[in-house]
Amino acid sequence: MDTTKSVWLPEQASTFANSVDWAFNLYLWISVAFFAIIVVLIAYFVVKYARKRPDQLATAQIVHNTFLETTWTAIPLIIVMALFVVGMKGYWNMRVAPSNAMQVDVTGRKWAWSFDYPKEGVSTDTLVVPVHQPVRLRMTSTDVIHSFFIPAFRTKADVIPGRYHSLWFEATKTGVFQVFCTQYCGTNHSYMWTAVKVVTPDEFQAWVAAAADPSKGKTPAEFGEILYSQKGCVACHTVDGSTGIGPTWKGIWGISVPLEDGRSVTVDEAYVKKSMNEPATDVVKGFQPIMPPFQGVLSDKEEDALVAYIQSLK
Ligand SMILES: [Cu+2]
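Residues numbered from 1 in each chain as written. Predicted model: local features only at pLDDT ≥ 70, side-chain atom pairs only at ≥ 80, totals over all residues.

Student: Explain the nonpolar core here, please?
Tutor: Grouped burial of nonpolar side chains is what soluble globular proteins tend to show. Counting residues in hydrophobic clusters, the biggest one holds 31 residues, and the most contacted among them are Val-106, Leu-127, Val-129, Leu-137 and Phe-153. Among the secondary structure elements, those contributing two or more residues to this core are strand 1 (102-109), strand 2 (112-117), strand 4 (127-130), strand 5 (134-141), strand 6 (146-150), strand 8 (165-170), strand 9 (175-181) and strand 10 (193-199). One finds Phe-223, Phe-294, Leu-306 and Tyr-309 within the second-largest nonpolar core, a separate group that totals 12 residues. (Core = buried A, V, L, I, M, F, W, Y, C linked by C-beta atoms within 7 Å. Buried ≥ 20, exposed ≤ 12 C-beta atoms within 10 Å, placed from the backbone. Helix = DSSP H or I, 4+ residues; strand = E, 2+ residues; numbered from the N terminus.)

Student: Just checking my understanding: could you explain the confidence of the model for the protein for this structure?
Tutor: Reading fine detail from the predicted coordinates is not recommended where pLDDT is low. In the predicted model, the protein carries a mean pLDDT of 91, and the fraction of residues at 70 or more is 98%. Taking the mean pLDDT of every element in the protein, the minimum, 88, falls on strand 3 (residues 122-124) and the maximum, 96, on strand 6. (pLDDT = per-residue confidence, 0-100.)

Student: How do you make sense of the sheet that holds strand 9 when you look at a structure like this?
Tutor: Strand pairing in a sheet takes place through backbone hydrogen bonds and is either antiparallel or parallel in direction. Taken together, the five strands give an open sheet; going across it, the order is 4-10-9-6-7, and neighbouring strands pair in mixed fashion. A single partner strand is all that each edge strand has here, and the edge strands are strand 4 and strand 7 (155-159). The mean angle between the axes of side-by-side strands here comes to 20°, regardless of whether they run parallel or antiparallel. Bridge count between strand 9 and strand 10: six bridges; the pairing is antiparallel. Each residue of the ladder has a partner; that of Val-179, found in strand 10, is Thr-194. (Pairing = 2+ DSSP bridges. Axes fitted to C-alpha atoms, helices over the stretch in contact; angles between N-to-C directions.)

Student: Just to check I follow, could you spell out the pairing of strand 7 for this structure?
Tutor: Side-chain positions along a regular strand alternate between the two faces of the sheet. As paired strands, strand 6 and strand 7 are joined by five bridges and run antiparallel to one another. Within the sheet, the bridge partner assigned to Ile-150 lies in strand 7 and is Thr-155.

Student: It is not clear to me how the sheet that holds strand 5 should be interpreted in this structure. Could you clarify?
Tutor: Spatially, five strands are ordered 3-2-1-5-8 in an open sheet, and the strand pairing comes out mixed. Among the strands making up the open sheet, the edge pair consists of strand 3 and strand 8. Between one strand axis and the next, the sheet turns through 25° on average, direction left out of account. Bridge count for strand 5 against strand 8 is six bridges, and the pairing is antiparallel. The residue bridging Met-139 from the neighbouring strand is His-165, located in strand 8.

Student: How should I be thinking about the domain arrangement of the protein in this particular structure?
Tutor: One frequently used descriptor of interface size is the decrease in accessible area upon assembly of the parts. By the assigned domains, the protein splits into domain 1 (17-95), domain 2 (102-211) and domain 3 (220-312). When each unit is reduced to the centre of its C-alpha atoms, the spacing between domain 2 and domain 3 is 26 Å. Taken together, the contacts link 12 residues of domain 2 with seven residues of domain 3. The residue inventory of the side of domain 2 that touches domain 3, partitioned by class, reads three nonpolar, five polar and four charged. (Domains from an automatic or database assignment. Contact = placed C-beta atoms within 7 Å. Nonpolar A, V, L, I, M, F, W, Y, C, P; charged D, E, K, R; others polar.)

Listed below in structure tokens is the structure:
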């Protein structure tokens, strides 16, 4: 039987998946068994102790039975302790990453994920990892609480501003697996998903080499287009003229934009850079001041590339 496919559980693709599903099924079937016993007993008692004649008296009051009470305390206690041991073993295994784990820094922001590989020196919006390699994620948020969930790996942890949470996994097969944010984090929460791409070690090395300098061989505007999705601007800004959470970028270069405080500004390099770094200073009329500041997140080269990209959107 192919144990990686199941009717109601997602595909199994990490070293945790088997034991998590095993515990899940254990809890499930114990609950099903008790449910069946209780329902059958209820039905049986309803019939057996129903009042048969209008003048029949209530059944005798039984107040105490030491044997019964000990039994129904001891059996559940043993079951619950066994479940605790199973759960605790799995929990420790999932908390403590092996010492040879590869590190990836994860940042959650409304409404996108970004991944930085401190050792490899690359950044991406899709997590790429080698198969059969323990990976430790060090995660934080720049705004509200998010939660990082990879169903196929059976692992999940909250991502909290001002704090680091970690999570580790080891993928057991190559492929592309869905990543969700599972903590409601505002308007576009349901779009806050990405993927983890599990590749062979050779493919991983090749990917790192290509990702090390994403601007290589590209014009600033082309590089800006990559950053537009990689840095999460895509969650709020469109490039086709339609209004999203924020104003569209199409056709704004050189025009005069009315601001909330009554002033107007011309969209030029200085204004676009200021909008990225201190978005609360010039808030565009008709929009909420919810854009997260990108001060310190974008390098000068990346800022220039985004400016060039916005300029290119005629
Ligand atoms: Cu979120």
